[in-house]
Amino acid sequence: MESTNTRETTSTSATAAAVSGGVDLISGLQDDLLLRILSFLPAASEVARTSVLSTRWRHLWPSAFALRFSVGRRPETYTEADGDDARRLVAAASAVLERRAGGGPDVEDVELSFLYGSEDNTYNTGPNYHAADITSERLAAWLLFAARRVTRRFVLAVPSPPKPTQEEAGEEAAAEEDEEEEDNEGEEVLAAAAEEEEEEEGEEVAVEEETEGAAEVVEEEASVEHDEEEEHASDDDNEEEEDEDADAHAHADDNANGDGNADDDEEEDDANNDNNEEEEEQDEDADGDGDEEEIVFSAELPCSARIKEMNLTLGGARLTIPPTSAAGAFNALTDILLSDARLSAADDLRLGDILSSTYSPRLKRLQLKDITGLTVLRLDSADMDAPNLQTLGVARCYGISSARISAPRLRHVVAFVNNAKGLRLDGAASVRRIEKLMMWSHRFKPEDDSGDEYNDNSSAVWLLRNCTSVNQLGVDVTLPWWWWHVMDAHEPLAVEERLEDMMMEIPHLPNISNLKIKVDAYGHTMGPSVAKFIAKCTNVEYLSIDIDAQNKECSDLSCICYRPKDWDNQKLSLENLRDIEICDFVLLDSQIRLVQLLLTSASALERMTVTLDMSHLEDDDEVEFDIPCYEGHWAPCVWECSELGFVRPTEYEWLRGIKRGEARED
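Being a predicted model, the structure only gives us computed values, none of them experimental. (Residues numbered from 1 in each chain as written. Predicted model: local features only at pLDDT ≥ 70, side-chain atom pairs only at ≥ 80, totals over all residues. Heavy atoms only, no water.)

### Structural notes on the overall build of the chain
- Summing up its helical and strand segments, the chain has 15 helices and 22 strands in all.
- The 666 residues of the chain split such that 39% are buried.
- The contacts in the chain between residues at least 6 apart in sequence include a share of 72% that link residues at least 24 apart.
- Summed over all atoms, the accessible surface of the chain reaches about 37,300 Å², with 46% contributed by carbon and sulfur. (Helix = DSSP H or I, 4+ residues; strand = E, 2+ residues; numbered from the N terminus. Buried < 20%, exposed > 50% of the residue type's maximum accessible area, 1.4 Å probe, protein only. Contact = heavy atoms within 4.5 Å. Areas by Shrake-Rupley, 256 points an atom, 1.4 Å probe, with all protein chains shown as cover.)

Here it is as structure tokens:
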């Protein structure tokens, strides 16, 4: 026992002496352990700074297990100086990966986040001064590095390519005008030269006529044999010329793509050539979808059997899905997010193939966002299913017309596109949570039977009807921003006939206990539509409402947002509702009436918090929160101090019962 204590005392004393003497103990660790420590640093720049610690660390950081380069969140005052920092980061990332590609161990974790993030972790579409530094060559090199050297996690987020500024567009237009003027001047010079040539040809013709007369005299004196030879030679020449003319006419016919015979007239040939050039330009525009300036680079999905997590936000690049015949080509892949990309006609089918169990047998979480060209998503055949898929999201992919997925273990659906009419989800009964499900409150039906592919809730309603085990639901309800445009363009009676209240399609949802509603009001009265949806969830216990509204609301009593007009007089069945949170609340009539409706309908309510939207208030404006208490009391619970020093509440709390120290009024 004494010997053990002696050893511990000796070891502690030695460590203390080493520390007091300035001995570097950590540098004595093995390289693998030091590299593992470096992998926990959040940025590659911090990893590189360790090279100044000692000569032992100088050449260690380039072999780190994790390389992370991120521009972070956008500064509040974003300037070109911030863009310069981002440019240096892009160049540094390219240099480090190029050096690592030439040698050294593989990398477990690579993050290249050159897109400024936002509070809700979505990509920011503001100005990016460094976007021009992200070229096709760099993008291809990064994706190739991921396919060959990354073993666990790869994140790539790039902004959209920069569009020409007005100044650059003006310079380009001026350059085009200069080119047109030069072309016009060139045409004038050519026309003058052509006139001179015609005059010279006329003089030559006159001379030739005189010489022909003399030649006839000579020919008459020539022998008959000589005349016959000349006739035979002349016949051969004429035959060759006729053959050449026939070939020229046939070639002109091919260029003109016509069935008739082409004339010998040069002007008609020129017209045909001009038409061909215009058709070629139209074909090029059609191939580029009319927005070639937006598509600056292309990308190919990295094929790797080692990457487990892949997160790609590609700035609108045209994404190519590589054809693969090897089973398990993405054998380790468990999480994938593809965002802000474009697919060709064949690549959307290939995407379904590589996401299936044949090629990605371990896939658990799949999210697709803002994918243009995705029309079909098939994961439902015997060898093309997703048996281990647990989380599925298909957001803002409005071109999708059919989605058929077999996922018996699916538990979570997030941000599924609302307008996919051909939706079939085998495993819908196992889903427990749906988030960010977009839907429209109203619809203006088209005159024909083609349907409105965008302004439609087909897939959203399908999910609500078939995911019968869901107890947590989050929806994004959008009110009709198009209402005023419709009223200006159509007669009121025609509008009434074609108007459809989409809230009526929502089924009864008795299993929902946790409900979150985000409302995009677009200047409308949001109370009636929100109340209709809440009425479907009769057993809800927790309710959250996030309001995105202007500091004004519709005053047109004939507007669809006011229907039914007595919506706040109809008591809702909310016997189990105990907790309510309302965010970005504005003291407008419909929002106040909605709060009153909830207070009178929820007999078991224990607590309600209302967070105010202060963005429309001046620094010295006071908040007049005057909402009836209904068997409870309101009290401010969060305060703020404005820039001018004014202190005012930003959040109020309602609690059941009488506030301590106050007597009930009879």
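And the narrative resumes.
### Overview of the pattern of salt bridges
- Per the stated rule, a full pass over the model turns up 23 salt bridges.
- For Glu-111, the salt bridge is made with Arg-153, and the minimal N-O distance between the two is 4.0 Å. One end of the pair, Glu-111, is in strand 2 (residues 107-113); the other, Arg-153, is in strand 3 (residues 150-157), and 42 residues separate them in sequence.
- Glu-111 sits in the buried class, given a relative accessible area of 16%.
- The partly exposed category is assigned to Arg-153, whose relative accessible area is 22%.
- In this structure, Asp-579 and Arg-607 form a salt bridge, with 3.5 Å as the shortest nitrogen-oxygen distance. With Asp-579 in strand 19 (residues 579-585) and Arg-607 in strand 20 (residues 607-612), the pair connects residues that are 28 residues apart, well separated along the chain.
- Judged by its relative accessible area of 28%, Arg-607 falls in the partly exposed class.
- Among the charged side chains, a network of salt bridges with common partners joins Arg-68, Asp-109, Glu-111, Arg-152, Arg-153 and Glu-309. (Salt bridge = Lys/Arg side-chain N within 4 Å of Asp/Glu carboxyl O.)

### Observations regarding helix 5 (residues 80-101)
- The end-to-end C-alpha separation of helix 5 is 31 Å, in line with the 32 Å expected for 22 residues at 1.5 Å each.
- Contacts from the buried residues of helix 5 go to strand 1 (66-70), strand 2 and helix 6 (136-149). (Expected span 1.5 Å × (residues − 1).)

### Considering helix 15 (residues 589-601)
- In a regular helix each residue adds 1.5 Å, so 13 residues correspond to 18 Å; helix 15 covers 18 Å between its end C-alpha atoms and thus fits that length.
- In this fold, the buried residues of helix 15 make contact with helix 14 (527-536), strand 18 (542-548), strand 19, strand 20, strand 21 (632-641) and strand 22 (647-656).

### Describing the environment of Ala-531
- If you trace the backbone, Ala-531 turns up in helix 14.
- Judged by relative accessible area, which is 6%, Ala-531 ranks as buried.
- Taking C-alpha positions, Ala-531 is 9.9 Å from Lys-571, a pair spaced 40 residues apart along the chain.
- Excluding residues within four positions of it along the chain, Ala-531 makes contact with Trp-567, Leu-572 and Leu-597.

### What to know about the pairing of strand 2
- Burial runs high along strand 2: six of the seven residues are buried.
- For strand 1 and strand 2, the ladder comprises five bridges, and the chain directions are parallel. Across the sheet, the residue bridging to Ala-66 is Asp-109, located in strand 2.
- Assessed by its sense of winding, the connection that carries the chain from strand 1 through helix 5 to strand 2 is right-handed.
- Both strand 2 and strand 3 contribute to a ladder of six bridges, which runs parallel. Looking across to strand 3, one finds that Leu-112 is bridged to Leu-156. (Pairing = 2+ DSSP bridges. Right-handed = clockwise from strand over helix to strand, strands pointing away.)

### Looking at the packing of aromatic side chains
- For the structure on display, the rule yields five aromatic pairs.
- On the basis of an interplanar angle of 45° and a centroid distance of 5.3 Å, the ring pair of Phe-114 and Trp-142 is categorised as tilted. Remark: Trp-142 occurs in helix 6 and Phe-114 occurs in the loop between strand 2 and helix 6; sequence separation between them is 28 residues.
- Pairing Phe-625 with Tyr-652 gives two aromatic rings, centres 4.1 Å apart and planes at 5°, and the pair type is stacked. Of this pair, Phe-625 sits in the loop between strand 20 and strand 21 while Tyr-652 is found in strand 22, placing the two residues 27 residues apart along the sequence.
- In this structure Phe-625 comes out as buried when scored by relative accessible area, which is 14%. (Phe/Tyr/Trp six-rings, centres within 6.5 Å; stacked < 30°, edge-to-face > 60°.)

### Considerations on a negative patch on the surface
- Residues Glu-618, Asp-620, Glu-622, Glu-624 and Asp-626 make up a contiguous surface patch of negative charge.
- For Glu-618, the position within the fold is in the loop between strand 20 and strand 21. (Patch = residues over 30% accessible without salt bridge, like charges linked within 9 Å, V, L, I, M, F, W, Y side chains within 5 Å. Lys, Arg positive; Asp, Glu negative; His and termini not counted. Charge placed at Lys NZ, Arg CZ, Asp CG, Glu CD.)

### Points about unusual backbone geometry
- At the junction of Arg-563 and Pro-564, the peptide bond is cis and its omega measures out at -5° in the coordinates.
- Mapping Pro-564 onto the fold places it in the loop between strand 18 and strand 19.
- In the Ramachandran plot, Arg-396 falls in the positive-phi region, its phi being about 55° despite a non-glycine side chain.
- With respect to the helices and strands, the residue Arg-396 is situated in the loop between strand 9 (391-395) and strand 10 (402-406).
- If you check the backbone angles, Ala-415 has positive phi at about 55° while not being a glycine.
- Structurally, Ala-415 is set in the loop between strand 11 (412-414) and strand 12 (422-426).

### Focus: the side chain of Thr-334
- Within the fold, Thr-334 resides in the loop between strand 5 (309-320) and strand 6 (335-342).
- The class of Thr-334 is buried, set by a relative accessible area of 17%.
- If we skip the residues at most four places from it in the chain, Thr-334 touches Lys-308, Glu-309, Arg-362, Leu-363, Lys-364 and Arg-365.

### Things to note about the sheet that holds strand 10
- A sheet is described by the order of its strands in space; here three strands give the open sequence 8-10-12, paired in parallel fashion. On the outer flanks of this sheet lie strand 8 (376-379) and strand 12, each paired with one strand and no other. Direction aside, neighbouring strands of the sheet carry axes that sit 10° apart on average.
- Note: strand 10 against strand 12, five bridges, orientation parallel. Note that in strand 12 the partner of Arg-404 across the bridge is Arg-424. (Axes fitted to C-alpha atoms, helices over the stretch in contact; angles between N-to-C directions.)

### Side note on empty space enclosed by the protein
- Here the structure, examined in full by the defined rule, presents one cavity of 30 Å³ or more.
- Size it by volume and the largest cavity reaches roughly 30 Å³.
- Every residue lining the largest cavity is listed: Leu-355, Ser-356, Ser-357, Ser-360, Pro-361, Leu-363, Asp-385, Ala-386, Pro-387, Asn-388 and Leu-389.
- Here the lining of the largest cavity is built from residues that sort into six nonpolar, four polar and one charged. (1 Å grid on protein atoms, 1.4 Å probe; cavity = no way out; pocket = protein on both sides within 12 Å on 5 of 7 lines; lining within 4 Å. Points joined across faces, edges and corners; volume = space filled by probe spheres on them. Nonpolar A, V, L, I, M, F, W, Y, C, P; charged D, E, K, R; others polar.)

### What about the packing of helix 14 against helix 15?
- Relative orientation of the contacting elements helix 14 and helix 15 amounts to 25°, with a least axis distance of 9 Å. Between helix 14 and helix 15, the angle falls in the class roughly parallel. For the pair formed by helix 14 and helix 15, the contact residues are Gly-527, Val-530, Ala-531 and Ile-534 on the first element and Ser-590, Leu-594, Leu-597 and Leu-598 on the second.
- Along the lines of polarity and charge, the residues of the contact of helix 14 with helix 15 split into six nonpolar, two polar and no charged. (Parallel < 35°, antiparallel > 145°, perpendicular 65-115°, else oblique.)

### Structural notes on the confidence of the model for the chain
- Per-chain confidence: the chain averages 76 in pLDDT, with 67% of residues scoring 70 or above.
- Below a pLDDT of 50 lies the segment residues 1-21, which in the model reaches three contacts outside its immediate sequence neighbourhood of four places, other chains included.
- When the criterion is pLDDT under 50, residues 203-292 qualifies, and its contacts beyond four places in sequence or with other chains add up to 25 contacts. (pLDDT = per-residue confidence, 0-100.)

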